[in-house]
Amino acid sequence: MNKDIQPAITLLNLGHMIKLLKTFGVSREDTNRQGVLDLNRRTMVVLTGLLVTLTMAGCTSAPKRVLFEKAPTYAALPNGYNPLSPDQVSPMYAEAAFGANENLARNLERKRGHALNILSMSGGGQNGAFGAGFLNGWRKSGWRPELDVVAGVSTGSLLATHALLGTPADDAILEQMFTEVTDKDIYEGRSVWGLISGADSLRDTAPLQALIAKYITAETLQRVATAYDDNRLILVGTTNVDYGQTWVWNMSLLAKDGKLDLYRKVLLASASFPIVFPPVEIDGHLFVDGAARSNLVVPGTGGSQRPKPPLYGPGNLYLNY
């Protein structure tokens with residue numbers, strides 16, 4: 001049965017709160033060395049204004065949302081299970097979970113023929129430039145392997161596609177994305193008072209949508225699909241606001257099915273910081289920044305039993321956090 005709900009967003013850590021305060025003009029100097037907010041007069045004014053604004057916005061007669069109950073085709077919980085039927089393996093991973101002691105990692109190992117190299121990347125706005133530089137330097141060092149799985153949330157989701165493809169040209173694209181853009185390439189400003197009149201965010205992300213479309217093209221999608229044929233995966237984490245869950249999207253399967261618009265929307269959703277950027281609606285569900293619930297994602301197991309030992313010895317899990 002459908003249920004009426006009011007969407008709610010929770011800021012889960014101090015780091016995210018500080019970023020939000022900076023949006024309202026509260027600088028890093030307003031925090032002490034331990035990272036605890038120093039509630040001086042200026043900060044209190046900002047916080048009070050924010051509280052009043054959100055309270056007034058909450059009193060407006062915004063329409064209720066109806067909880068959408070259609071199972072996702074391309075997303076699963078982090079453990080590989082169906083978000084709307086959490087006791088069942090997602091159809092995407094049914095093959096991987098087939099048989100005793102089998103899971104996605106073992107299935108990929110068998111198909112790839114070697115221990116897996118997995119990279120998981122988190123977000124953090126300006127940290128995207130660090131991630132792009134890290135990937136570039138890693139390749140130039142000669143130690144960067146061909147990655148079997150790349151997973152990303154938030155800014156990390158914007159890095160994930162070209163990180164898996166992994167050519168010097170892809171690294172150059174990431175460098176350009178994160179060193180040559182300005183705020184106006186990411187968002188357009190809105191007044192905080194827009195929340196009172198029903199706006200769903202403080203910023204408009206139309207420029208970010210255009211930026212994603214510039215770098216995620218039909219040709220890019222075809223290359224991701226080719227990598228999928230070689231059993232290499234891109235996974236992206238988002239936060240489902242309606243259900244309060246982390247949904248992990250199989251971007252490689254999206255590419256294989258030619259879902260270019262949906263591919264771009266998932267990236268936008270994963271990078272949409274709550275309240276500051278608007279949520280993204282996909283198939284009746286609202287999504288925001290994947291880091292709102294989980295800073296990192298790794299391949300879901302898709303199995304209910306303890307998996308077999310690695311087929312080719314320990315693999316490598318690299319974290320860019």
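## What about the overall build of the protein chain?
Turning to step 1, where the next piece is worked out: A count of helical and extended segments in the protein chain gives ten helices and 14 strands.
Turning to step 2, where the next piece is worked out: Relative to its 321 residues, the protein chain shows a buried fraction of 47%.
Turning to step 3, where the next piece is worked out: Within the protein chain, residue pairs in contact and separated by at least 24 positions form 68% of the contacts whose partners lie at least 6 positions apart.
Turning to step 4, where the next piece is worked out: Approximately 15800 Å² of the protein chain is accessible, and the part contributed by carbon and sulfur atoms is 55%.

## Observations regarding the pattern of salt bridges
Turning to step 1, where the next piece is worked out: On inspection of all chains with the given rule, the structure shows nine salt bridges.
Turning to step 2, where the next piece is worked out: Where arginine 112 meets aspartate 148, a salt bridge forms, and the shortest distance between an N and an O atom there is 2.7 Å. Of this pair, arginine 112 sits in helix H3 (residues 104-112) while aspartate 148 sits in the loop between helix H4 (127-141) and strand E7 (149-153), and the two are 36 residues apart along the sequence.
Turning to step 3, where the next piece is worked out: Take arginine 112: its relative accessible area is 14%, and that puts it in the buried class.
Turning to step 4, where the next piece is worked out: Residue aspartate 148 is classed as buried on the basis of its relative accessible area, which comes to 0%.
Turning to step 5, where the next piece is worked out: Residues arginine 112 and aspartate 230 are paired through a salt bridge, measuring 3.0 Å at the closest nitrogen-oxygen approach. With a gap of 118 residues between them, arginine 112 in helix H3 and aspartate 230 in the loop between helix H8 (218-229) and strand E10 (233-240) connect regions that are remote in the sequence.
Turning to step 6, where the next piece is worked out: Among the charged side chains, a network of salt bridges with common partners joins Arg112, Glu146, Asp148, Asp230 and Arg232.

## Structural notes on the confidence of the model for the protein chain
Turning to step 1, where the next piece is worked out: Per-residue confidence for the protein chain averages 78 on the pLDDT scale, and 71% of its residues sit at or above 70.
Turning to step 2, where the next piece is worked out: The low-confidence segment residues 1-39, where pLDDT is below 50, has 63 contacts with residues more than four positions distant or belonging to other chains.

## As for the side chain of serine 252
Turning to step 1, where the next piece is worked out: Following the sequence through the fold, serine 252 ends up in helix H9 (residues 251-256).
Turning to step 2, where the next piece is worked out: Discounting residues that sit within four places of it in the chain, serine 252 has contacts with Val224, Tyr228, Arg232, Leu233 and Ile234.

## Side note on the packing of helix H7 (residues 206-215) against helix H10 (residues 260-270)
Turning to step 1, where the next piece is worked out: Their axes nearest at 10 Å, the elements H7 and H10 cross at an angle of 130°. The angle between H7 and H10 falls in the class oblique. As H7 runs across H10, the sense of the crossing is right-handed. Touching Leu208, Gln209, Ile212 and Ala213 of H7 are Arg264, Leu267 and Leu268, all from H10.
Turning to step 2, where the next piece is worked out: A per-class count over the contact of H7 with H10 returns five nonpolar, one polar and one charged.

## Focus: a nonpolar patch on the surface
Turning to step 1, where the next piece is worked out: On the surface, a cluster of nonpolar side chains totalling about 430 Å² of accessible area is made up of Val298, Leu317, Leu319 and Tyr321.
Turning to step 2, where the next piece is worked out: Within the secondary structure layout, leucine 319 lies in strand E14 (residues 316-320).

## Here we look at the packing of helix H5 (residues 155-165) against helix H6 (residues 168-179)
Turning to step 1, where the next piece is worked out: Between H5 and H6, the least distance of the axes is 8 Å, while the angle of their chain directions is 160°. For the element pair H5 / H6, the angle class is roughly antiparallel. Contact residues: Thr155, Leu158, Leu159, His162, Ala163 and Leu165 in H5; Asp170, Ile173, Leu174, Met177 and Phe178 in H6.
Turning to step 2, where the next piece is worked out: For the contact of H5 with H6, the per-class residue count stands at eight nonpolar, two polar and one charged.

## Examining H6
Turning to step 1, where the next piece is worked out: An ideal rise of 1.5 Å per residue puts 16 Å on twelve residues; H6 measures up with 16 Å between its terminal C-alpha atoms.
Turning to step 2, where the next piece is worked out: Turning to H6, its buried residues number three or more, namely Asp170, Asp171, Leu174, Met177 and Phe178. Viewed along the axis of H6, the buried residues span an arc of 120°, placing them on a single side of the element. The exposed set on the far side of H6, more than 90 degrees from its buried face, consists of Ala169 and Thr179.

## Quick word on the pairing of strand E6 (residues 117-121)
Turning to step 1, where the next piece is worked out: Counting buried residues in E6 gives five out of five residues, a clear majority hidden from the surface.
Turning to step 2, where the next piece is worked out: Burial along E6 is two-sided: Asn117, Leu119 and Met121 facing one way and Ile118 and Ser120 facing the other are all buried.
Turning to step 3, where the next piece is worked out: As judged from the five bridges shared by E6 and E14, these two strands associate in the parallel manner. Bridge pairing links leucine 119 to tyrosine 318 in E14.
Turning to step 4, where the next piece is worked out: Looking at chain direction, E6 and E7 are connected through four bridges and run parallel. Looking at E7, one finds that serine 120 is bridged to alanine 151.

## Quick notes on unusual backbone geometry
Turning to step 1, where the next piece is worked out: Of note in the backbone geometry, serine 154 takes a positive phi value of approximately 55° without being a glycine.
Turning to step 2, where the next piece is worked out: Tracing the backbone shows serine 154 in the loop between E7 and H5.
Turning to step 3, where the next piece is worked out: Its identity as a non-glycine residue notwithstanding, asparagine 231 has a phi of 65°, on the positive side.
Turning to step 4, where the next piece is worked out: Here asparagine 231 lies in the loop between H8 and E10.
Turning to step 5, where the next piece is worked out: Accessibility expressed as a relative area gives 22% for asparagine 231, which makes it partly exposed.

The rules we used
- Residues numbered from 1 in each chain as written.
- Predicted model: local features only at pLDDT ≥ 70, side-chain atom pairs only at ≥ 80, totals over all residues.
- Heavy atoms only, no water.
- Helix = DSSP H or I, 4+ residues; strand = E, 2+ residues; numbered from the N terminus.
- Buried < 20%, exposed > 50% of the residue type's maximum accessible area, 1.4 Å probe, protein only.
- Contact = heavy atoms within 4.5 Å.
- Areas by Shrake-Rupley, 256 points an atom, 1.4 Å probe, with all protein chains shown as cover.
- Salt bridge = Lys/Arg side-chain N within 4 Å of Asp/Glu carboxyl O.
- pLDDT = per-residue confidence, 0-100.
- Axes fitted to C-alpha atoms, helices over the stretch in contact; angles between N-to-C directions.
- Parallel < 35°, antiparallel > 145°, perpendicular 65-115°, else oblique.
- Left-handed = near helix turned anticlockwise from the far one by under 90°.
- Nonpolar A, V, L, I, M, F, W, Y, C, P; charged D, E, K, R; others polar.
- Patch = residues over 30% accessible without salt bridge, like charges linked within 9 Å, V, L, I, M, F, W, Y side chains within 5 Å.
- Expected span 1.5 Å × (residues − 1).
- Arc of directions from axis to C-beta.
- Pairing = 2+ DSSP bridges.

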